[in-house]
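So you can see what is in the structure, the chains are spelled out below.
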Amino acid sequence: MSKGSIDTTKPIISLQNVGLRYNGGPEVLKDINLEIKAGEFYFLTGASGAGKTSLLKLMHLAHRPSRGKVKIFGHDLDYMKPDEMATIRRKIGIVFQDYHLLDHLSVMDNISLPLRISGRNEKYIHKHVPELIEWVGLKNFINTKPKSLSGGQQQRVAIARAVINNPEILIADEPTGNVDEDMAKKLLFLFLELNKMGTTIIIATHSTNLIKQFRFPVLHLKDGYLTKE
Ligand SMILES: Nc1ncnc2c1ncn2[C@@H]1O[C@H](COP(=O)(O)OP(=O)(O)O)[C@@H](O)[C@H]1O
Ligand SMILES: [Mg+2]
């Protein structure tokens with residue numbers, strides 16, 4: 001699982017003079033300049049509506065900026081071919097604020113999905129997925145469908161699905177917003193373990209507790225501007 005060969009000096013995510021507006025409205029992100037290098041760990045904070053989700057969407061190529069340049073793994077979004085974009089997306093694990101689980105699939109099958117898409121065999125899936133399900137405390141819900149789970153449980157399914165494929169970048173949008181403090185800390189330790197193996201991590205959070213405890217650098221959004229603390 002180690003990513004020992006990764007070049008930690010080159011930016012893995014680079015935004016230059018980026019602005020974002022929706023449908024001709026005002027800019028919600030302004031003059032964003034940001035370089036994240038392989039293996040770094042960042043928190044992203046800012047009041048509700050400050051643009052955290054929008055910024056994360058630029059990073060995982062779900063949006064294009066209205067101006068400026070976005071480069072992921074050194075590839076310029078302006079010149080990216082569709083197949084190249086698909087390859088890059090597969091290297092990014094995403095925990096969405098609203099989970100994005102598939103209602104007709106069990107916990108097991110939701111979490112297995114990225115592995116099936118990347119062609120892993122069933123033997124591998126049935127060895128590794130239950131281990132992670134146990135780790136996130138959902139052993140008794142392995143065959144349950146998401147709709148029967150609480151918000152916090154769905155959140156843990158979404159986290160397990162985002163990390164199962166050992167992504168190079170993990171982007172998590174308020175991944176602990178719906179779990180208690182003990183579980184939030186436990187999930188942060190899971191992210192920390194991934195980070196130690198080389199995964200670059202960006203987590204949007206409101207939790208000053210987590211930020212204080214884990215002491216990673218903080219990106220702060222206010223009035224569309226980004227500062228580093
Ligand atoms: N799809 C969208 N269409 C129009 N406006 C949007 C859309 N998504 C977000 N916004 C607006 O952009 C601003 C930033 O939103 P968002 O990125 O969701 O902030 P946060 O995640 O920090 O709460 C808000 O004013 C929000 O209303
Ligand atoms: Mg948000």
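Our subject is the structure listed above.
Not measured: the values here are computed from a predicted model. (Residues numbered from 1 in each chain as written. Chains lettered and ligands numbered in written order. Predicted model: local features only at pLDDT ≥ 70, side-chain atom pairs only at ≥ 80, totals over all residues. Heavy atoms only, no water.)

## Focus: the coordination of the magnesium ion (ligand 2)
Rules: Because water is not among the atoms used, a metal site may look incomplete, as its donors are only the N, O and S atoms within 2.8 Å, or 3.2 Å for Na, K and Ca. In this description a helix means any DSSP run of H or I spanning at least four residues, a strand means any run of E spanning at least two, and both kinds are numbered starting from the N terminus. When accessible area is computed with a 1.4 Å probe and restricted to protein chains, residues below 20% of their type maximum are described as buried, those above 50% as exposed, and intermediate ones as partly exposed.
Looking at the metal site, the magnesium ion (ligand 2) is ligated by Thr53 (OG1) and Gln97 (OE1), spaced 2.0 to 2.5 Å from it. Separated by 44 residues along the polypeptide, Thr53 in helix H1 (residues 52–59) and Gln97 in the loop between strand S6 (92–95) and helix H3 (107–117) bring together distant segments of the chain. What makes Thr53 partly exposed here is its relative accessible area of 26%.

## Structural notes on helix H4 (residues 122–135)
Selection criterion: Residue count minus one, scaled by 1.5 Å, sets the expected span of a helix. Arc definition: it is the arc formed by the directions from the helix axis to the C-beta atoms.
With 14 residues, H4 should cover 20 Å at 1.5 Å per step; its first-to-last C-alpha distance of 20 Å lies within 8% of that length. What H4 keeps buried is the set Ile125, Val129, Leu132 and Ile133. What you see down the axis of H4 is that its buried residues fit within an arc of 100 degrees, all on one side. Exposed side chains of H4 directed beyond 90 degrees from the buried face belong to Lys123 and Lys127.

## Some words on the site of ligand 1
As a reminder of what qualifies: Note on definitions. A residue lies near a molecule or strand when any single heavy atom of the residue is within 4 Å of it. Any pair of N or O atoms that falls within 3.5 Å is considered a polar contact. Within protein, one atom must be able to donate a hydrogen and the other to accept it, and sequence-neighbouring residues count only if both atoms are side-chain atoms. To be clear on the numbers: accessible area is Shrake-Rupley with a 1.4 Å probe, and residue cover counts the displayed protein chains and nothing else. Residues are grouped as follows: Ala, Val, Leu, Ile, Met, Phe, Trp, Tyr, Cys and Pro are nonpolar; Asp, Glu, Lys and Arg are charged; all remaining types, including Gly, are polar.
Around ligand 1 sit Tyr22, Val28, Ala47, Ser48, Gly49, Ala50, Gly51, Lys52, Thr53 and Ser54, and that is every residue in its neighbourhood. For ligand 1, an oxygen atom lies 3.0 Å from a polar atom in the backbone of Gly51. Here Ser54 contributes a side-chain N or O atom positioned 2.6 Å from an oxygen atom of ligand 1. The fraction of the free accessible surface of ligand 1 (550 Å²) that becomes covered by protein chains is 59%. Class assignment for the residues of the shell around ligand 1 results in four nonpolar, five polar and one charged.

## Focus: the sheet that holds strand S5 (residues 75–76)
Where we set the bar: Only strands that DSSP links by at least two bridges are regarded as paired with each other.
Taken in spatial order, the four strands of this open sheet run S2-S1-S4-S5, and their pairing is antiparallel. Sheet topology places strand S2 (27–37) and S5 at the edges, where each strand pairs with a single neighbour. Here strand S4 (residues 67–72) runs beside S5; their pairing, made up of two bridges, is antiparallel. In the sheet register, Lys71 faces S5, and the bridge partner there is Asp76.

## A word on the packing of H3 against helix H5 (residues 151–163)
To be explicit about the condition: Angles shown run from 0 to 180 degrees and are taken between the N-to-C directions of axes, each axis being a line fitted to C-alpha atoms and, for helices, limited to the stretch in contact. Oblique is the label for every angle not falling under 35 degrees (roughly parallel), over 145 degrees (roughly antiparallel), or within 65 to 115 degrees (roughly perpendicular). Note: crossing handedness is left-handed where the near helix turns anticlockwise from the far helix by less than a right angle, and right-handed where it turns clockwise. Every residue pair with non-hydrogen atoms within 4.5 Å of one another is taken to be in contact.
Following both chains from N to C, one finds H3 and H5 inclined at 30 degrees, their axes separated by 7 Å at the closest point. The pairing of H3 with H5 is recorded here as roughly parallel in orientation. Along this stretch, H3 crosses H5, giving a crossing that reads as right-handed. Judged by residue contacts, Val107, Asn110, Ile111 and Pro114 of H3 engage Val157, Ala160 and Arg161 from H5. Grouping the constituent residues of the contact of H3 with H5 by class yields five nonpolar, one polar and one charged.

## Examining the side chain of Glu27
Examined against the element boundaries, Glu27 turns out to sit in strand S2. A polar contact of 2.7 Å, which involves the side chain of Glu27, links it to the side chain of Arg67. Once residues lying within four places of it in the same chain are set aside, the contact partners of Glu27 are Gly19, Leu20, Arg21 and Arg67.

## Overview of the sheet that holds strand S7 (residues 169–173)
One open sheet holds the six strands; their spatial order is S6-S7-S8-S3-S9-S10, and the pairing between them is mixed. Where the open sheet ends on each side, the last strands, each with one partner, are S6 and strand S10 (225–228). Neighbouring strand axes in the sheet, compared pairwise and without regard to direction, differ in orientation by 15 degrees on average. Note: S6 against S7, four bridges, orientation parallel. Each residue of the ladder has a partner; that of Ile92, found in S7, is Ile169. Along the sheet, H1 contacts strand S3 (41–45), S6, S7, strand S8 (200–204), strand S9 (218–222) and S10; its crossing angle with S7, the most-contacted strand, is approximately 160 degrees.

## What to know about the nonpolar core
Put simply, the rule is: Nonpolar cores are built from buried Ala, Val, Leu, Ile, Met, Phe, Trp, Tyr and Cys residues. Side-chain atoms within 4.5 Å join them into one set.
Counting residues in each nonpolar core, the largest one holds 41 residues, and the members touching the most others are Phe41, Phe43 and Phe191. Secondary-structure elements contributing two or more residues to this core are S3, H3, H4, H5, S7, helix H6 (181–196), S8 and helix H7 (208–214). If one sorts the elements of this core by residue count, H6 sits on top with eight residues. Contact partners of Phe41, with chain neighbours within four places excluded, come to Leu188, Phe191, Leu192, Asn195, Ile201, Ile203, Phe216 and Pro217.

## Side note on H1
Counting buried residues in H1 gives six out of eight residues, a clear majority hidden from the surface. Along H1, the positions that sit buried rather than exposed are Lys52, Ser54, Leu55, Leu56, Leu58 and Met59. Following H1 by one or two positions, Leu61 has its phi on the positive side, about 65 degrees.

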